[in-house]
2 protein chains.
Amino acid sequence: MSEQRTPVNETKAWAKLKNLRKKLEPDLKNWFESDPRRREHFSQSTDHVLFDYTRQLITEEVMDTLLELAEETDLKSSINSMFAGEKINVTEQRSVLHTALRNFSGNNVYLNGNDVMPDIKAVLSKIEGFSKKIINGELLGVKGDKLKNIVSVGIGGSYLGPEYLAEVSKASAIEGMNLYFIANVDPTDFVRKTEKLNPAETLVIIVSKTFTTAETMANARAVKSWMTNSLGDDPEVIKKHFIAVSTAQKRVEEFGIDPENMFGFWDWVGGRFSATSAVGGVPLSLYLGYDNFVEILKGAFWMDQHFQNQPFEKNIPVLAGLIDLWNINFMGYKTRAIVPYSQAWHKYAAHCQQTEMESNGKSVDLSGRSVEFDTGEVIFGEPGTNSQHSYFQLLHQGSSIVPIDFIGFINPQYKVESNEEISLHEELMTNFFAQPDALAFGKENELPHKVFTGNRPSNVFLLKNQNPFAAGLLLSLLEHRTAAKGFIWGINSFDQFGVELGKELGINIRERMKLYKKDPANPEVFSGLNVSTSELLKSFMEG
Amino acid sequence: MSEQRTPVNETKAWAKLKNLRKKLEPDLKNWFESDPRRREHFSQSTDHVLFDYTRQLITEEVMDTLLELAEETDLKSSINSMFAGEKINVTEQRSVLHTALRNFSGNNVYLNGNDVMPDIKAVLSKIEGFSKKIINGELLGVKGDKLKNIVSVGIGGSYLGPEYLAEVSKASAIEGMNLYFIANVDPTDFVRKTEKLNPAETLVIIVSKTFTTAETMANARAVKSWMTNSLGDDPEVIKKHFIAVSTAQKRVEEFGIDPENMFGFWDWVGGRFSATSAVGGVPLSLYLGYDNFVEILKGAFWMDQHFQNQPFEKNIPVLAGLIDLWNINFMGYKTRAIVPYSQAWHKYAAHCQQTEMESNGKSVDLSGRSVEFDTGEVIFGEPGTNSQHSYFQLLHQGSSIVPIDFIGFINPQYKVESNEEISLHEELMTNFFAQPDALAFGKENELPHKVFTGNRPSNVFLLKNQNPFAAGLLLSLLEHRTAAKGFIWGINSFDQFGVELGKELGINIRERMKLYKKDPANPEVFSGLNVSTSELLKSFMEG
C-alpha cells in the first residue's frame, strides 16, 4: 500500500493478461467439450457455498496469470493490513475493521495498541439486553403500550445493508414485530411508512454516524413532530420512543435521546460496511431477535475467515474479484448483473450496487495518480425469474455483453402444499440451471433473430438455505470481493469524496430557496447560477 | 422499414456524427459560459413536462446532425407506420398499436380495414362496470364478503408496468382497497403476499396473454389451492374470486374462470407495452378507481400526440432518443441511470429497464444482418436522494461515464406539517438541482481524490404533479423514446426471441427433476448435461 507502488497496469502479470486477451478466442462450447476437467479447475466447493466459474471466458493460463497479478500486487499484505487494523483508508487516515464486528475467533484485534473487542462486545451485549426488553415488553412506550413497530431512519449505508438483511430474514421475524425504513427525504416515503402506525406503539431508531446527515435529520425531526403531536411535547416521549445508532453522543443528547439509548460504533466502520455493526444490529435484533442477528454475524464471520485464510486459488472472494477484473479490464465488460433466484434476496442487488460502486467508483490511485484503466463496474439486478421476463433479452441477444452472477438456494424458505409434480421452488430452480447454459453455449438458427451467439459469461453461486447465516455470508463475500479488486487496482475503496460536491451545491440551492420564501423578488435568489439551473429553480419556486 | 434499407451506420449523417465526435472536446463549463443561448437551444418546455438537455455533451451541430439522421432513416414514416397499425413487428407479423389503447382523439384506428376502437372501448367499459361493482360491494365473494384485496398474478410485462403505475398512484387509491402482485415463482413471493390475506375477501386476477406462462400458471394454481382450501372446492369459488386478463378464452375457461370475467386484449399489444391495456386497467381500476386509470390513459395520450405531431426538433421522445443514440454510439456510454427524485416513482427504473432492454437488446437488424454498432443500453436506477448515498460515487468520480436522467416534480404528493424553513420536498429538490451541475461542471482541487472532472452528461425532466396523469405521460415517453431508437437503428424493438432458449433448456431441466423424483437412480437424470450443470443439479436434487 506504499505510495511508490507500481501502477497495476505496469505489472508483468498485467502485460501477460493483455497478451492472453489478444490471443483469446472465446469458445465455451468447445472448451467444455474438450476439457473434462474444466469444472474441477473452475469451481470451489465449501461447507456453505458452491462457486462455479466454469462459464467465464477464461483459460487455465488466464486464471493462473490473474493469480500472479494478485501476488505481484501483494494482495495478501493488503488483506492482512485490513484485518490488522492498519490505516488503509489513507485519505481519511482510518482503519477498516468491519471484520472485527463479527470476530468470533476469540482473538484480540488491536488498534493503536488497544484491543477493540471489549468495546464491540459491550455494544453487542447492550443490543441483546435492549432488544430483549423491547420484545418481551419490559420496556414500554410512554402510554404503556408494547413497542412493536420499529421505524429505522437512515440513508445509504445506514439503510441498504440492514434492509437487505431484514428482507432475507423476514421469515424468521419475531411474531408481532414490524420493521420499516425511512430513507428518502421525500414526504411520500415518510407518509407511506408512518400513516398506518400508532405512535404509541412505535420505537424510532435514528441511524447516523455524525447525526448531521441532512436527509436523516430532516426525517428525524419530521418523525419527532409526528410522535409529539400525538403523544405530547414531553421529553419522556423522546426518551421512550427514540433511540440512536451514532458516534456523536453530544448531538444525540441535544436531540433529546437518552444517552443510555445510544448504540455506538466507530470511525473504522465505513457506512457501506456497517450492516454488521449496531447500524444493522439494533433494527435487526428488534425485528428478528438478537439470536438471528448473531446468525448473520456468524455467516459473515465464516466468510471472513475463508477470505483471510484460504490460499487465493481456493479463495472465493479473491477468485470472484479477479474474474471481475478480467471482465472489466481485459474483456471490456464494465457492467455486471446480480440475479438471485430468491424473492427474499430482492434487495441484495441494491446493496451490492452501493458496496461496489461507492467503493470502487474511483479514478485516482493511492498515490493520487489518475488511473489509466477501468475500475468499479456498474452493478444492477432484480431477482430471477422476474429478470428473465424483463431485461434478460439484452443479456441473451444484446450488442453488449453483461457478465451475470446467478445465486441460487437448494431449499426454499417456505413449502407450499401442492399436488404438482414439481414444487414452486423447483420450478424456479429449473430456470436457475437453464439460464447460465443458454448464455454460455447459445444456439444456432437459420433465422437471424433466433440466433444465440453464446459465450456470455456468468458465475453460479449455490447455497443451501435462505436464512440469516447465508445473508451474512453473502454480505461478507460482497465486501471482500469489492475490497480485493480495490487492493489490486491500488485505489482506496474506503472513502467516498465523490458525494461531497453535490452536497455543497445542494446547500447553495437551499439558501436560495430560503431567500425566495422570504422575498421572491430578492435578486440574489437566482443570481450567479447558470442559465439552466436558474430557469429550473424558477419553474420550481414559482410552482 | 423495407428490407433494403441502408444500415444506419452507413448513412451520411452517421459518418458526419463520427467526425463530429472526433473533433468534440467536451467542455460544458465553457459551453455554458460562452453561449447564453444554450438553454434556449437545448430545452423544451410544454404544458406538462420541461425537458432540459443542456448538460449533454452536444453542440448545435451535433444536435442538427442527429436530427438529420432521423430524417435520413425516415423516422417519421416509421412512427406513422406504428400509429397506422402496419405490421412493423415483422418477425411476428404483428402490428404495434398500444397507442390505440389510449386514443381519445375520436378518430378511428384501422387494422386490416377494421376499426379497433369499438373493441377497445368495449373492454374499457367492461372494466369500468366491473371495477365499480367490486368497489361498491355489488359483487361480493362466495361467503358474502366485500372483495377488498386484489391479488394480481403475472410476470414481466404483465407486472412491472402496472406495479409502477400503482406505486405512483398509491396516494389516490380507493380507501380500503389493497393491491398485491405475485410475479416470481418463488414460494417466498407467494407466501409473503398471501399470508395475511383472508381468501374470502380476496379477488385474484390472472394476467397472461396466452394463459401458458410457466411461472404465472404455477402461481395461479397455487393461489387456486390456497383459495379452495379455505373456501371449499366449489366452482363458484373460482367464479367469484378469480378473473383473467388474457387473449386465450379457452384456457381461461378450462381454469374455471367465468368467460364473463375475462378482460381481453390483442396480439398487437406487446407485453412490455401492455400497461395501458386491460393488463394494467383491471388491477388499477380496482385499486384506484376507473377514473384514475383514465387519468393514466390521458397522460399517455397527451405524450402520444406530442410524439406523433411535434416536429422532431421539439419532440421530447425523439430528442431524448437521439441523445441516447449519441451517447451509446458516438460517446461510447452504454449504461444509463434513471433517477426520479420521488419515492412514489421507485418502481419506474425497473419498468424502464424492461421496456428499453427487452425492446432494444437486439443484435440483428430488420434485414437479418448482424448490426455493427451498439444498440440498447443497460438501464438501472433507484430514486434520489437514496441514489446519492449509494452508487452516485461512481457517477461522480468513476472511470466510466454514465449518463443520467434526473426526473423531478414541482409539487410533493403529501404535505407534512413542520416548522422547518424548507419542507421535506424542498430539501429533496435541493439535491435534484445540485446533482446535474456537480456532474456537468465538476470542481478542481489540489487533492487528487477531491477532484471532480465534470463533463458527465445528464437530462433533466421537470413535471408539475406526482399523479396518475404524470405516471401515464412518463410511461408513454419511455415507450416512444425506446421505439424511436429502434426505428433509427433499424431493429425490431417489438419481439423478444432472446428469452426462448432459456425457456427451452428450463423445460429440459424440469423433465430431469421429474425423473429424479420418481427414481433418483435413473441414469437419464443427469446424462447428456455438461459437467457443470450436471454437478449443480446433483447438488440441488440431493439437497
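Before reading on, note that the structure itself is shown above.
Figured I'd write up the structure that's included with this text. (Residues numbered from 1 in each chain as written. Chains lettered and ligands numbered in written order. Predicted model: local features only at pLDDT ≥ 70, side-chain atom pairs only at ≥ 80, totals over all residues. Heavy atoms only, no water.)

1. Considerations on the environment of Phe 380 of chain A
Counted only if it meets this: Numbering of helices and strands runs from the N terminus, with a helix taken as a DSSP run of H or I at least four residues long and a strand as a DSSP run of E at least two residues long.
Its location among the elements puts Phe 380 of chain A in strand E11 (residues 378-380). Sequence separation of Phe 380 of chain A and Leu 537 of chain A is 157 residues, and the distance between their C-alpha atoms is 31 Å.

2. With respect to the packing of aromatic side chains
Short version of the rule: Whether two aromatic rings pair depends on their centres lying within 6.5 Å, for rings of Phe, Tyr and Trp, where Trp uses its six-membered ring; planes under 30 degrees apart make the pair stacked, over 60 edge-to-face, and the rest tilted. Burial here depends on accessible area, computed with a 1.4 Å probe over protein chains only, as a share of the maximum for the residue type. Under 20% is buried, over 50% is exposed, and the range in between is partly exposed. Note on criteria: charge over ring means Lys NZ or Arg CZ within 6 Å of the ring centre, with the direction from the centre no more than 35 degrees off the ring normal.
Going through the model one piece at a time under the given rule, you end up with 54 aromatic pairs over all chains. When the ring of Phe 242 of chain A is compared with that of Phe 255 of chain A, the centres are 5.8 Å apart and the planes differ by 55°; the resulting orientation is tilted. Here the residue Phe 242 of chain A occupies a position in strand E8 (residues 242-246), and Phe 255 of chain A occupies one in helix H11 (residues 249-255), the gap between them amounting to 13 residues. When sorted by exposure, Phe 242 of chain A lands in the same class as Phe 255 of chain A, which is buried. One residue, Lys 538 of chain A, lies across the ring of Phe 526 of chain A, its end atom 5.2 Å from the ring centre. Lying across the ring of Phe 263 of chain B, Lys 126 of chain B places its NZ or CZ 5.2 Å from the centre.

3. A few points about helix H19 (residues 500-518) of chain B
Residues lying three or four places apart along an α-helix face the same way, a consequence of the helix completing one turn every 3.6 residues. This is how it is decided: To estimate how far a helix should extend, the number of its residues minus one is multiplied by 1.5 Å.
Taking 1.5 Å as the rise per residue, H19 of chain B with 19 residues should run 27 Å; its terminal C-alpha atoms sit 28 Å apart, in good agreement. Three or more residues of H19 of chain B are buried, namely Leu 501, Gly 502, Gly 506, Ile 509, Arg 510, Arg 512, Met 513, Lys 514 and Tyr 516 of chain B.

4. Here we look at the pattern of salt bridges
Rules: A side-chain nitrogen of Lys or Arg and a carboxyl oxygen of Asp or Glu constitute a salt bridge if their distance falls within 4 Å.
Under the counting rule described, the total for this entry stands at 69 salt bridges over all chains. For the salt bridge of Glu 356 of chain A with Lys 485 of chain A, the shortest nitrogen-to-oxygen distance reads 2.8 Å. Of this pair, Glu 356 of chain A sits in helix H15 (residues 348-360) while Lys 485 of chain A is found in helix H18 (residues 468-489), placing the two residues 129 residues apart along the sequence. The burial state of Glu 356 of chain A is the same as that of Lys 485 of chain A; both residues are buried. For the salt bridge of Lys 132 of chain B with Glu 128 of chain B, the shortest nitrogen-to-oxygen distance reads 2.9 Å. One end of the pair, Lys 132 of chain B, and the other, Glu 128 of chain B, are both in helix H6 (residues 117-135), four residues apart, so they sit about a helical turn from each other. Owing to a relative accessible area of 37%, Lys 132 of chain B belongs among the partly exposed residues under this scheme.

5. Comments concerning the nonpolar core
Basically, it comes down to this: Among buried residues, the Ala, Val, Leu, Ile, Met, Phe, Trp, Tyr and Cys ones that are joined through side-chain atoms within 4.5 Å form a nonpolar core. Contacts between residues were defined by any pair of non-hydrogen atoms, one from each residue, lying within 4.5 Å.
Ranked by size, the top nonpolar core spans 378 residues in total, and within it Trp 345, Leu 395 and Leu 474 of chain A together with Trp 268, Trp 345, Leu 395 and Leu 474 of chain B carry the most contacts. Once residues lying within four places of it in the same chain are set aside, the contact partners of Leu 474 of chain B are Tyr 164, Trp 345, Tyr 348, Ile 407, Phe 409 and Leu 463 of chain B.

6. Description of unusual backbone geometry
All names here are of chain A. In this structure, Thr 385 follows Gly 384 across a cis peptide bond, with omega equal to 10°. Mapped onto the elements, Thr 385 comes out in the loop between E11 and helix H16 (392-397). Here the phi dihedral of Phe 211 falls at roughly 55°; this positive angle occurs in a residue that is not glycine. Among the secondary structure elements, Phe 211 is positioned in the loop between strand E7 (202-207) and helix H9 (214-231). Take Phe 211: its relative accessible area is 4%, and that puts it in the buried class.

7. Quick word on the interface of chain A and chain B
So the rule is basically this: By convention, the term buried area covers the 1.4 Å-probe accessible surface removed from two parts as they join, with the contributions of both added. Definition of a polar contact: a pair of N or O atoms within 3.5 Å, with one able to donate and the other able to accept a hydrogen when the atoms are protein atoms, and with sequence-neighbouring residues admitted only if both atoms are side-chain atoms.
Taken residue by residue, the interface counts 136 residues in chain A and 137 residues in chain B. Surface buried jointly by chain A and chain B totals about 11600 Å² across both partners, of which 62% is contributed by carbon and sulfur atoms. Where chain A packs against chain B, one counts twelve salt bridges. In this structure, the salt-bridge partner of Glu 426 of chain A is Lys 517 of chain B, at a minimum N-O distance of 2.5 Å. Run the count over chain A and chain B and you get 60 residue pairs in polar contact (both at pLDDT 80 or more). A total of 14 residues in the side of chain A that touches chain B trace back to one element, the largest contributor, which is helix H17 (residues 424-441) of chain A.

8. Quick notes on the relation of the copies chain A and chain B
For clarity, the threshold we go by: Here the copies were fitted onto each other by least squares, based on C-alpha atoms from residues at pLDDT of at least 70 in both.
For the pair chain A and chain B, the superposition axis carries a translation of 0.0 Å, the fit reaches an RMSD of 0.0 Å, and the rotation angle comes to 180°. Here the transformation between the copies is reduced to the relation of a two-fold axis. Taking C-alpha positions as the reference, the residue of chain A nearest the rotation axis is Phe 380 of chain A, at 3.1 Å. Most of the interface of chain A is mirrored in chain B: 100% of its interface residues are interface residues there too.

9. Structural notes on the sheet that holds strand E6 (residues 178-182) of chain A
Residues and elements named next belong to chain A. How we decide: Think of it this way: DSSP has to see at least two bridges between two strands before they count as a pair. Axes here mean lines fitted to C-alpha atoms, for a helix over just the part in contact, with angles spanning 0 to 180 degrees between N-to-C directions.
Pairing within the open sheet is parallel, and its five strands lie in the order E6-E5-E7-E8-E9. Each end of this open sheet is capped by a strand with a single partner; those strands are E6 and strand E9 (262-264). Taken over all neighbouring pairs, the strand axes of this sheet differ in orientation by 20° on average, direction set aside. Pairing of strand E5 (residues 149-153) with E6 involves five bridges; the strand directions are parallel. In the sheet register, Ser 152 faces E6, and the bridge partner there is Phe 181.

10. Observations concerning the environment of Tyr 159 of chain A
In this structure, Tyr 159 of chain A sits in the loop between E5 and helix H7 (160-169). Take Tyr 159 of chain A: its relative accessible area is 10%, and that puts it in the buried class. In the structure, Tyr 159 of chain A is positioned 116 residues away from Ala 275 of chain A in sequence and 8.3 Å away in space, judged by C-alpha atoms. If near-sequence neighbours (up to four positions away) are discounted, Tyr 159 of chain A is found in contact with Gly 154, Phe 181 and Ala 183 of chain A together with Asn 386 of chain B.

11. A short note on the packing of helix H1 (residues 12-23) of chain B against helix H14 (residues 316-330) of chain B
Residue and element names in this part refer to chain B. So the rule is basically this: An angle counts as roughly parallel when it lies under 35 degrees, as roughly antiparallel when it exceeds 145, as roughly perpendicular when it falls between 65 and 115, and as oblique in every other case. We call a crossing left-handed when the near helix sits turned anticlockwise from the far one by less than a right angle, and right-handed when that turn is clockwise.
Here H1 crosses H14 at 70°, and the two axes come no closer than 11 Å. Comparing their axes, H14 and H1 come out roughly perpendicular. Pair H1 / H14 crosses with right-handed handedness. Between H1 and H14, the residues in contact are Trp 14, Leu 17, Lys 18, Leu 20 and Arg 21 and Leu 325, Trp 326, Asn 329 and Phe 330, respectively.

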